[in-house]
Amino acid sequence: MSKTLYRDPQNGKITGVCAGLAEYFGMEVWLVRILAVSAFLLGMGFFAVIAYLAASLILEKMPESRQEQRYIYREHNVKQKAWQAGQSPEQVMQNVEAELDDIEQKLRQMEAYVTSSAFKVAREFKHL
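Our subject in this report is the structure included herewith.

1. Re the overall build of the protein
Broken down by element type, the protein carries six helices and zero strands. Order of helices (α) and strands (β) in the protein, N terminus to C terminus: α-α-α-α-α-α. Among the 128 residues that make up the protein, the fraction classed as buried is 14%. For the protein, the proportion of contacts with a sequence separation of at least 24, taken over those separated by at least 6, is 48%. Accessible surface, the protein: about 10400 Å² in total, of which carbon and sulfur atoms supply 62%.

Okay, structure coming up:
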């Protein structure tokens, strides 16, 4: 599934550019806003304003269907990030280790199949 960059005026303060960037990059909106204000204050004011205005004119508004999907997702209280779910660092590490173990098992199964004679026979039949 490819991601598309949109403005998100429903969650935005001015035109939704920062909210759209946050959605696209999977960041918190407040962090993107702080970065934008910092760029403005740290001597890049003219360029920051021009970039913001250009983005607000160029980027399309987020479609209603995508907004609905996001709100349905939020209604189910699914927390994407560990700190949102209230997990301790130890729990996060256990979850990461479990996911990596699962990936390793799947990789071992694929490797065993690819190196097996059944794979070679199937490949030969496919090339007939």
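2. Let's talk about the side chain of R7
Counting through the fold element by element, R7 comes out in the segment before α1 (17-25). No salt bridge is formed by the buried R7, whose closest oppositely charged neighbour, D8, lies at an N-O distance of 8.8 Å. Within the local environment of R7, its side chain forms a polar contact with the backbone oxygen of L59, the two atoms lying 3.1 Å apart.

3. Remarks on α1
Every buried residue belonging to α1 is among V17, C18, A19, G20 and A22, and all of these are buried. Structurally, α1 contributes buried residues whose contacts are with α2 (29-58). Just downstream of α1 lies G26, where phi reads positive at about 70°.

4. Side note on the pattern of salt bridges
Evaluated as defined, the whole model comprises two salt bridges. Its salt-bridge partner being D102, residue K106 comes within 3.4 Å of it at the nearest N-O pair. Taken together, the residues span about one helical turn, with K106 and D102 both in helix α5 (residues 89-114) at a distance of four residues. Judged by relative accessible area, K106 falls into the partly exposed class, the value being 48%.

Calculation criteria
Residues numbered from 1 in each chain as written. Predicted model: local features only at pLDDT ≥ 70, side-chain atom pairs only at ≥ 80, totals over all residues. Heavy atoms only, no water. Helix = DSSP H or I, 4+ residues; strand = E, 2+ residues; numbered from the N terminus. Buried < 20%, exposed > 50% of the residue type's maximum accessible area, 1.4 Å probe, protein only. Contact = heavy atoms within 4.5 Å. Areas by Shrake-Rupley, 256 points an atom, 1.4 Å probe, with all protein chains shown as cover. Lys, Arg positive; Asp, Glu negative; His and termini not counted. Salt bridge = Lys/Arg side-chain N within 4 Å of Asp/Glu carboxyl O. Polar contact = N/O pair within 3.5 Å; in protein donor to acceptor, adjacent residues only side chain to side chain.

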